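Secondary and tertiary structure notes
Here's the letter readout for the chains.
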There are 2 protein chains.
Amino acid sequence: MSYCIQCGNAATRQVPPGDNLHRLVCSVCGHIHYDNPRLIVGCIAEWQGRILLCRRAIEPRLGYWTLPAGFMENGETTAQAAARETQEEAGARVAIDAAFALVSIAHINQIHLFYRGRMPSPAFAAGEESLEVALFTADEIPWRELSFRSVRLCLEAYLADRQNGHFGFHEHALAPEHESAASG
Amino acid sequence: MSYCIQCGNAATRQVPPGDNLHRLVCSVCGHIHYDNPRLIVGCIAEWQGRILLCRRAIEPRLGYWTLPAGFMENGETTAQAAARETQEEAGARVAIDAAFALVSIAHINQIHLFYRGRMPSPAFAAGEESLEVALFTADEIPWRELSFRSVRLCLEAYLADRQNGHFGFHEHALAPEHESAASG
Ligand SMILES: [Zn+2]
Ligand SMILES: [Zn+2]
């Protein structure tokens, strides 16, 4: 059972006039509740060739290493979201360069967007959602302890592009994985 | 006054524990309602050098020309959303090439993402949200009758890139405009 956010009365799933998908529609005031995919924005922040990673203090994937990233908030641009998450989760300032990778994960209604950026100094500190934060050379990246497939794809593409001397924009679509479908 | 989508009781705006932004929180069951930016995905679909535009049959900007675009839905990738919107609004099939432009419009909590694609045939037909659909050469584009600034930016970048023989990935952030802040 669901309820209308506008009036509190019962809402039911139905196809509104002119639409072709089921939505939550209020039986009293007619308000339509749209549930859309969420955008998670993150950052590959580099300091003198080393990449900033955070070890997660929260589920899912508690204890695994990740790029600073999180749900985009209202009132900000995607680049601002990337810088904010880097500040919040890794206590690090970052100068954003450009969007780098876009990963659609349709089965969990998420889009992950990663930026490239440079840290003006090697200052960082674990935020509330991180157990620890550290800078890793390409050889040091903990591939077996990464949090999410989107993070792995992003790091692989980043290191390959850096090796080639040219950063592109990368797109991926992730399907459910047998063992960790919910993890993205 | 707002209500909880889970239990129908009153919800109030407050900062949940561990958060730093105000959210709609249920006073009874504690459910937190997150309101995040929405992703609008569109497509520049080309047929033999001509670009597919739709004249809007709905507000906002009814009667103005736009690229096929719309809210991304759950369960699809961004590229699938671009192809779906092209089919729904312009009745046209399109082979998606790559993401082309990302426009953040923070003051209306929207991100516009446009893809490049090619039409396998010049078949198209106005969908329910379009008054008419047509193919335009670069010289024919109705610049004064375009719907949104993001559409204009996208078309300008596309034509410039095509002229230069290389398509990049473009990012923009749009601030409120004096006369049409709500239009994006
Ligand atoms: Zn209602
Ligand atoms: Zn509740």
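Residues numbered from 1 in each chain as written. Chains lettered and ligands numbered in written order. Predicted model: local features only at pLDDT ≥ 70, side-chain atom pairs only at ≥ 80, totals over all residues. Heavy atoms only, no water.

Under an unreviewed UniProt entry, the name given to chain A is ADP-ribose pyrophosphatase YjhB (NUDIX family), and the organism recorded is Azonexus fungiphilus. Quoted verbatim from the Sequence similarities (unreviewed entry) field of UniProt, the annotation for chain A is "Belongs to the Nudix hydrolase family." In its Cofactor (unreviewed entry) section, UniProt records this for chain A: "Mg(2+)". (UniProt positions renumbered as here; feature names shortened; annotations may be inferred.)

For the rest of this paragraph, the subject is the nonpolar core. Counting residues in each nonpolar core, the largest one holds 42 residues, and the members touching the most others are Leu52(A) and Leu52(B). Leave out the neighbours within four places in its chain, and Leu52(B) touches Ala45(B), Leu67(B), Pro68(B), Thr86(B), Ala90(B), Ala92(B), Met119(B), Phe124(B), Val133(B), Ala134(B) and Leu135(B). (Core = buried A, V, L, I, M, F, W, Y, C linked by side-chain atoms within 4.5 Å. Buried < 20%, exposed > 50% of the residue type's maximum accessible area, 1.4 Å probe, protein only. Contact = heavy atoms within 4.5 Å.)

Residues and elements named next belong to chain A. If you trace the 4 strands from one edge of the open sheet to the other, you get S1-S2-S3-S4, paired in antiparallel fashion. Pairing within the sheet leaves two strands with one partner each, and these edge strands are strand S1 (2–3) and strand S4 (32–33). Sheet topology note: the strand S2 (residues 10–14)/strand S3 (residues 23–26) ladder contains 4 bridges and is antiparallel. The residue bridging Gln14 from the neighbouring strand is Arg23, located in S3. (Pairing = 2+ DSSP bridges. Helix = DSSP H or I, 4+ residues; strand = E, 2+ residues; numbered from the N terminus.)

Below, the discussion takes up the coordination of the zinc ion (ligand 2). By definition of the ideal shapes, a tetrahedral metal site with four donors has angles of 109.5 degrees and an octahedral site with six donors has angles of 90 or 180 degrees. Residue and element names in this part refer to chain B. Those protein atoms acting as donors to the zinc ion (ligand 2) are Cys4 (SG), Cys7 (SG), Cys26 (SG) and Cys29 (SG), and they sit at 2.3 to 2.4 Å. Because the angles between the 4 donor atoms bound to the zinc ion (ligand 2) fall within 99 to 121 degrees, the donor set is best described as tetrahedral. In primary-sequence terms, the residues that donate to the zinc ion (ligand 2) follow C-x2-C-x18-C-x2-C. Of this pair, Cys7 sits in the loop between strand S1 (2–3) and strand S2 (10–14) while Cys29 sits in the loop between strand S3 (23–26) and strand S4 (32–33); the two residues are 22 residues apart in sequence, bridging distant segments of the chain. (Donors = N, O, S within 2.8 Å, 3.2 Å for Na, K, Ca; no water. Tetrahedral: all angles 85-135°; square planar, octahedral: opposite > 155°, others 65-115°.)

Let us look at the relation of the copies chain A and chain B. Expressed as a screw operation, the relation of chain A to chain B combines 0.0 Å of axial shift with a rotation of 180 degrees, fitting to an RMSD of 0.0 Å. Look at the turn and shift together and you get a two-fold axis relating the two. Every residue of chain A has its C-alpha some distance from the rotation axis, and the shortest such distance is that of Gly8(A), at 2.3 Å. The share of interface residues of chain A whose copies in chain B are also at the interface is 100%, consistent with both copies meeting through the same surface. (Least-squares fit on C-alpha atoms with pLDDT ≥ 70 in both.)

Moving on: the coordination of the zinc ion (ligand 1). Residues and elements named next belong to chain A. All of the protein donors around the zinc ion (ligand 1) are Cys4 (SG), Cys7 (SG), Cys26 (SG) and Cys29 (SG); their distances to the metal are 2.3 Å. Each donor residue of the zinc ion (ligand 1) belongs to the same chain, and together they define the spacing C-x2-C-x18-C-x2-C. A residue pair is termed long-range when its members are at least 10 positions apart, and Cys4 in the loop between S1 and S2 and Cys26 in strand S3 qualify at 22 residues. Cys26 sits in the buried class, given a relative accessible area of 5%.

This part is about the side chain of Thr78(A). Relative to the helices and strands, Thr78(A) is located in helix H1 (residues 78–90). We classify Thr78(A) as buried; its relative accessible area is 1%.

Turning next to empty space enclosed by the protein. Think of a ball as big as a water molecule: rolled over the atoms, this probe shows where empty space is left. Under the definition given, this model contains 4 cavities of 30 Å³ or more. What lines the largest cavity is simply Leu39(A), Leu102(A), Ile111(A), Leu113(A), Phe169(A), Leu39(B), Leu102(B), Ile111(B), Leu113(B) and Phe169(B). Residues that form the lining of the largest cavity fall into these classes: 10 nonpolar, no polar and no charged. (1 Å grid on protein atoms, 1.4 Å probe; cavity = no way out; pocket = protein on both sides within 12 Å on 5 of 7 lines; lining within 4 Å. Points joined across faces, edges and corners; volume = space filled by probe spheres on them. Nonpolar A, V, L, I, M, F, W, Y, C, P; charged D, E, K, R; others polar.)

Two side chains of opposite charge can pair, provided their charged atoms sit close to one another. Here the structure, examined in full by the defined rule, presents 20 salt bridges over all chains. With a closest N to O distance of 2.6 Å, Glu73(A) and Arg23(B) form a salt bridge. Residue Glu73(A) is located in the loop between strand S8 (69–71) and H1, and its partner Arg23(B) is located in strand S3; the two belong to separate chains. Across the pair, Arg23(B) and Glu73(A) agree in class, each one buried. Arg118(B) is the partner of Asp97(B) in a salt bridge, and the nearest nitrogen-oxygen pair spans 2.5 Å. Of this pair, Asp97(B) sits in strand S9 (residues 95–105) while Arg118(B) sits in strand S10 (residues 110–118), placing them 21 residues apart in sequence. A relative accessible area of 36% means that Asp97(B) is categorised as partly exposed. A single salt-bridge network, built from bridges that share partners, covers Glu76(A), Arg84(A), Glu85(A) and Glu88(A). (Salt bridge = Lys/Arg side-chain N within 4 Å of Asp/Glu carboxyl O.)

Right, let's talk about the interface of chain A and chain B for a bit. Facing the 42 residues of chain A at the interface are 42 residues of chain B. The junction of chain A with chain B conceals about 3300 Å² of combined surface from both sides, 51% of it contributed by carbon and sulfur atoms. Here chain A is connected to chain B by 2 salt bridges. Inspection of the region where chain A meets chain B yields 20 residue pairs in polar contact (both at pLDDT 80 or more). (Buried area = accessible area lost by both parts, 1.4 Å probe. Polar contact = N/O pair within 3.5 Å; in protein donor to acceptor, adjacent residues only side chain to side chain.)

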